[in-house]
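Descriptive structure summary
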Amino acid sequence: MTDNSPRAQTGAPLRLGTRRSKLAMAQSGLVADAVSEVTGRAVELVEVTTYGDISKEDLAQIGGTGVFVAALREALLRGEVDFAVHSLKDLPTAQPEGLVLAAVPRREDPRDVLVARDGLTFEQLPPGARIGTGSPRRMAQLNAYARSHGLDIETVPIRGNVDTRIGFVRSGELDAVVLAAAGLSRLGRTGEVTDFLPVDTVLPAPGQGALAIECAATSADLAAALAELDDPYARVAVTAERSLLAALEAGCSAPVGALADLLVDGQAVNELRLRGVVGSTDGASLVQMSITGPVPTSHDDAAALGRELAVEMLAKGAAGLMGERAL
C-alpha cells in the first residue's frame, strides 16, 4: 500500500526517530544523510527516550531485549516519526506486526575492542586487571580466554554511555573496558582503542556493527526508497545470527555470541560460515560451534542456517548456560 498521507504528498521533511545518546545520534545522522540522498527530501532527527536510556539497572535484570527500541517502535506505529534507526543488536528477534525492517545498511567492523590504561593490549594487562563490561557475553568469553591462557583478570559489570565507560579507565577505577568497534568508529573515536579483540577470542553479539532501519508497513513508497540502502550480504549475515539467537530462545542480554562471515575463494564469495558461542559468565563452561553452507539467497535460507547451528549447540548443553530465560 502506498503512503498517500498529506505529509508524504507535501514533501515535508522525513522524521527519523532516534535515541538521544551521542552514539545513536551519530548513527542516525549518517543514515539521515544517506536517506536524503536517495529520496531528495530533508530528514529531521526526532529524539525519543527509551526505557533502556533512563534505567540504571543491569541490562540482564531489566530483560535486555527491546529496552532500547520499544519507545521508538511505538512512535512509529503512532505516526509520530516516519522511520527509525536502531543498533541491530538491540532488536528483539521477532518482527512486530505493522513494521518492516526496510534496510540493513553495510555493516561496520563487528569486533569488540579494548580501551585500556597506558595503551595496553589484552595480553599486556597486569595480573588481577579489572575489565569493565555490561555484557554477560563478553564476560563469559574474556574469562574463558583468561582461564585457558593462564591470565588473571576480573570482569566488572558496568553501565553507561561511551564517555562514562571510558571514564572508568581514565579515572583509574578500571584497567580497561570492552566496547564495540563500530560504535567508536561512528563516533570518530577509534584512536582511543588499545586492542582489537579477534573474533576467535570474543565473538560479537548477534547483529553487532549493523544498523536496522525500520518503517511502518503502510509506508510502501518510503520502504522502497529505504531499501536502496540495504546491503544483501549484511542482511543475510545478521539474519543467520539472529535466527541462532531466537532458536536458542535467548534475549540480547544473554551470554550468546554469533558471527556470520562470507568465505571468499579468489574473487568469488562461495560460502557463509556461522559461528556461535554460549558460556557461563565465569568462563568455566563454554559451548562454541560453527556451521558452513552456501551463501543464503533468501531470508528463509539464512534463518535455517541459524536454526541448524542452534540445534547442535543445544545438544551440547547450551541451554544450561543461559540462565532461566533459556528454560
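Residues numbered from 1 in each chain as written. Predicted model: local features only at pLDDT ≥ 70, side-chain atom pairs only at ≥ 80, totals over all residues. Heavy atoms only, no water.

1. A short note on the overall build of the protein
Quick reminder of the rule: Each helix is a run of H or I in the DSSP string that is no shorter than four residues. Each strand is a run of E no shorter than two, and both are numbered from the N terminus. For each residue, the accessible area found with a 1.4 Å probe, counting protein chains only, is set against the maximum for its type, and the residue is called buried under 20%, exposed over 50%, and partly exposed in between. Any two residues having at least one pair of non-hydrogen atoms within 4.5 Å are treated as being in contact. For the accessible areas, the method is Shrake-Rupley and the probe is 1.4 Å, while residue cover comes only from the protein chains on display.
Within the protein, the secondary structure is distributed over 11 helices and 13 strands. Put simply, the protein has 327 residues, and 52% of those count as buried. Across the protein, the fraction of contacts at a sequence separation of at least 24, relative to all contacts at a separation of at least 6, is 70%. Counting every atom, the protein has about 14,300 Å² of accessible surface; 51% of that belongs to carbon and sulfur.

2. Some remarks on the sheet that holds strand β10 (residues 211-216)
Two modes of strand pairing occur in sheets, parallel and antiparallel, and in both the strands are linked by backbone hydrogen bonds. To be explicit about the condition: By the convention used here, strands pair only if DSSP detects at least 2 bridges between them. The axes are straight lines fitted to the C-alpha atoms, using for helices just the contacting stretch, and the angles between their N-to-C directions are given from 0 to 180°.
In space, the five strands of this open sheet follow the order β2-β1-β3-β10-β4, with mixed pairing throughout. Each edge of the open sheet is held by one strand with a lone partner, namely β2 (43-47) and β4 (99-103). For this sheet the average axis-to-axis angle between neighbouring strands, irrespective of direction, equals 35 degrees. Where strand β3 (residues 83-87) lies against β10, five bridges are found, and the strand directions are antiparallel. When the sheet's bridge partners are listed, Ala84 is paired in β10 with Glu214. Where helix α5 (residues 70-77) meets the sheet, it contacts β1 (14-18), β3, β4 and β10, and its direction lies at approximately 165 degrees from that of β3.

3. Structural notes on the pattern of salt bridges
How we decide: Put simply, a salt bridge is a Lys or Arg side-chain nitrogen that is within 4 Å of an Asp or Glu carboxyl oxygen.
Enumeration over the complete set of coordinates arrives at 20 salt bridges. A salt bridge links Arg111 to Asp109, with the shortest nitrogen-to-oxygen separation between them at 2.8 Å. On the accessibility criterion, Asp109 (22% relative accessible area) is partly exposed. Its salt-bridge partner being Arg117, residue Asp175 comes within 2.7 Å of it at the nearest N-O pair. In this pair, Asp175 sits in the loop between α7 (162-170) and β8 (176-180) while Arg117 sits in the loop between β5 (112-116) and β6 (129-133), placing the two residues 58 residues apart along the sequence. Residue classification places Asp175 among the buried positions, given a relative accessible area of 15%. The class of Arg117 is partly exposed, set by a relative accessible area of 29%. A network of salt bridges, in which partner residues are shared, links Lys22, Asp163, Arg170, Arg189 and Glu192.

4. Looking at the pairing of β2
Here five bridges tie β1 to β2, and the two strands are oriented parallel to one another. For Leu16, the partnering residue across the bridge sits in β2 and is Leu45.

5. Overview of the pairing of strand β12 (residues 268-279)
Where strand β11 (residues 256-265) meets β12, 10 bridges bridge the pair, whose relative direction is antiparallel. Bridging from a neighbouring strand, Ala258 pairs with Gly276 of β12. Taken together, β11 and the strand that follows it, β12, pair antiparallel across an intervening segment of two residues, in which Gly266 is found at a positive phi of about 70 degrees. With nine bridges connecting them, β12 and strand β13 (residues 286-294) associate as antiparallel partners. Considered in β13, the bridge of Gly279 is made with Leu286. Taking the residues that link successive antiparallel strands as the turn, the β12-β13 hairpin has six residues, and the phi of Gly283 there is positive, at about 80 degrees.

6. Details of the environment of Gly191
Counting through the fold element by element, Gly191 comes out in the loop between α8 (181-186) and β9 (195-197). For the pair Gly191 and Val115, spaced 76 residues apart in sequence, the C-alpha separation works out to 9.7 Å.

7. Some details on unusual backbone geometry
Negative phi characterises most residues that are not glycine, and trans characterises most peptide bonds. Within the chain, Asp118 stands out as a residue other than glycine whose phi angle is a positive 55 degrees. Within the secondary structure, Asp118 is located in the loop between β5 and β6.

8. Some points on the confidence of the model for the protein
Inclusion rule: Confidence per residue, as judged by the predictor, is encoded in pLDDT with a range of 0 to 100.
Averaged over every residue, the pLDDT of the protein is 88; the share at 70 or more is 88%. Within the protein, β5 carries the highest mean pLDDT (98), whereas helix α4 (residues 59-62) carries the lowest (43). Scored below 50 in pLDDT, residues 52-56 makes 10 contacts in the model with residues more than four places away or belonging to other chains. The low-confidence segment residues 58-65 (pLDDT under 50) makes 19 contacts with residues lying over four places distant or belonging to another chain.

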